[in-house]
Amino acid sequence: MNPIVEACGLTKYYGDYTAVDGVSLGVAQGSIYGVLGPNGAGKTTTLRMLLGIIDPDAGTRRVLGHSHPAEARARIGYLPEERGLYPGMKTTEAIAFMGALRGLSWLDGRKRGAAMMEELGLAHAIDRKIRQLSKGMAQMVQLIGSLVHAPELIVLDEPFSGLDPVNQERLEALVRRERARGATVLFSTHVMAHAERLCDRLAIIARSQRRFEGTVDDARALLPMQVRYTPRAGADAQAVAALLPAGAAAVGEQWHFTIDEGAVEPLLIQLTGSGLGVAGLAIARPALHDAFVHIVRQCDADYVADADDDDAAEAGEAA
């Protein structure tokens, strides 16, 4: 891997609160990398430390070869979680202004901005002022402004938030196009569907710590395969239950249960030779959503267990 973004042990405190606790990650050049986590997990703080907007209290970061990310600012496109444009500006002026902050000329900014709006199906809004746009459309304009200078690294904080399904599809297409251009894309989200479709690799942050790092398939492989089996009509329910793994549940005519990947072939042999028949059979990996929920719930359970241990220790000391 040729990392274009590296973080090692990033930590940030706000008083007694630990917002980010020892997060490490590496983003390969030319990849799409997702930082996933529930609300308040520390995603935004992590991105801000990576970009040099705030400094970590511990740990190191390196972005585009610089240990001080601000030195690479002109090569980065950043869409913050807090959106904001001057309402009296026309869309192309707003885009050109954002490009100018990264060294792009106003003329090139206007031209590129108009071309990008046309590509995204927003040509009808080229001459409108920001105050005349819907919230989602204004967000797309700000996104274009973050990309108009053709940055090497694109960092998007919750970019899909507030967008309707049409604009979400436009944004996904834009992210893929930027990656095809050679850019590296790093984005945060708590919506698993976008990450599942886009990410080459991802990290899951929960309770301020990185709890997982790998591919989408790596995350899905943390859980067993999900099976939906329908026996031949009239099959004896007790015989079916005796054949299937413990915990199999009847849902209408189907039986739902889970198996490990290595048990798929033995299951097929068992079902076809049982005499119960196979009217329907579906075996699938869990979705990224399922893996995400599993990781976050395990993190919450560990946190509660640690808190209980601390309470017990304090009670023992008091006694």
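This structure is a prediction, so every number in the text was calculated from the model and none was measured.

J.: Explain the environment of Gly59 here, please?
T.: Within the secondary structure layout, Gly59 lies in strand E4 (residues 58-63). Looking at Gly59, the relative accessible area reads 37%, which means it is partly exposed. C-alpha of Gly59 to C-alpha of Thr46: the two residues are 13 residues apart in sequence and 11 Å apart in space. In contact with Gly59, not counting residues within four places along its chain, are Cys8, Gly9 and Leu10.

J.: Looking at this model, I keep getting lost on the sheet that holds strand E5 (residues 76-79). Mind explaining?
T.: Spatial strand order, E5-E6-E7-E3-E8-E9: six strands in an open sheet with mixed pairing. Because the sheet does not close on itself, it has two edges, and the strands there are E5 and strand E9 (209-214). Between one strand and the next, the sheet's axes are offset by a mean angle of 15°, whatever the strand orientation. Pairing analysis gives five bridges linking strand E6 (residues 153-157) to strand E7 (residues 184-189), with the strands arranged parallel. When the bridges of E7 are listed, Leu156 appears paired with Phe187. Of the strands in this sheet, strand E3 (32-36), E6 and E7 are in contact with helix H5 (residues 165-181), which crosses E6 at around 160°.

J.: I'm lost on the confidence of the model for the protein in this one. Help?
T.: Note: predicted coordinates in regions of low pLDDT should not be interpreted at a detailed level. For the protein, mean pLDDT is 91; residues scoring 70 or higher make up 94% of the total. When mean pLDDT is taken per element in the protein, E3 scores highest with 97 and helix H10 (residues 288-318) scores lowest with 71.

About the criteria used
Residues numbered from 1 in each chain as written. Predicted model: local features only at pLDDT ≥ 70, side-chain atom pairs only at ≥ 80, totals over all residues. Heavy atoms only, no water. Helix = DSSP H or I, 4+ residues; strand = E, 2+ residues; numbered from the N terminus. Buried < 20%, exposed > 50% of the residue type's maximum accessible area, 1.4 Å probe, protein only. Contact = heavy atoms within 4.5 Å. Pairing = 2+ DSSP bridges. Axes fitted to C-alpha atoms, helices over the stretch in contact; angles between N-to-C directions. pLDDT = per-residue confidence, 0-100.

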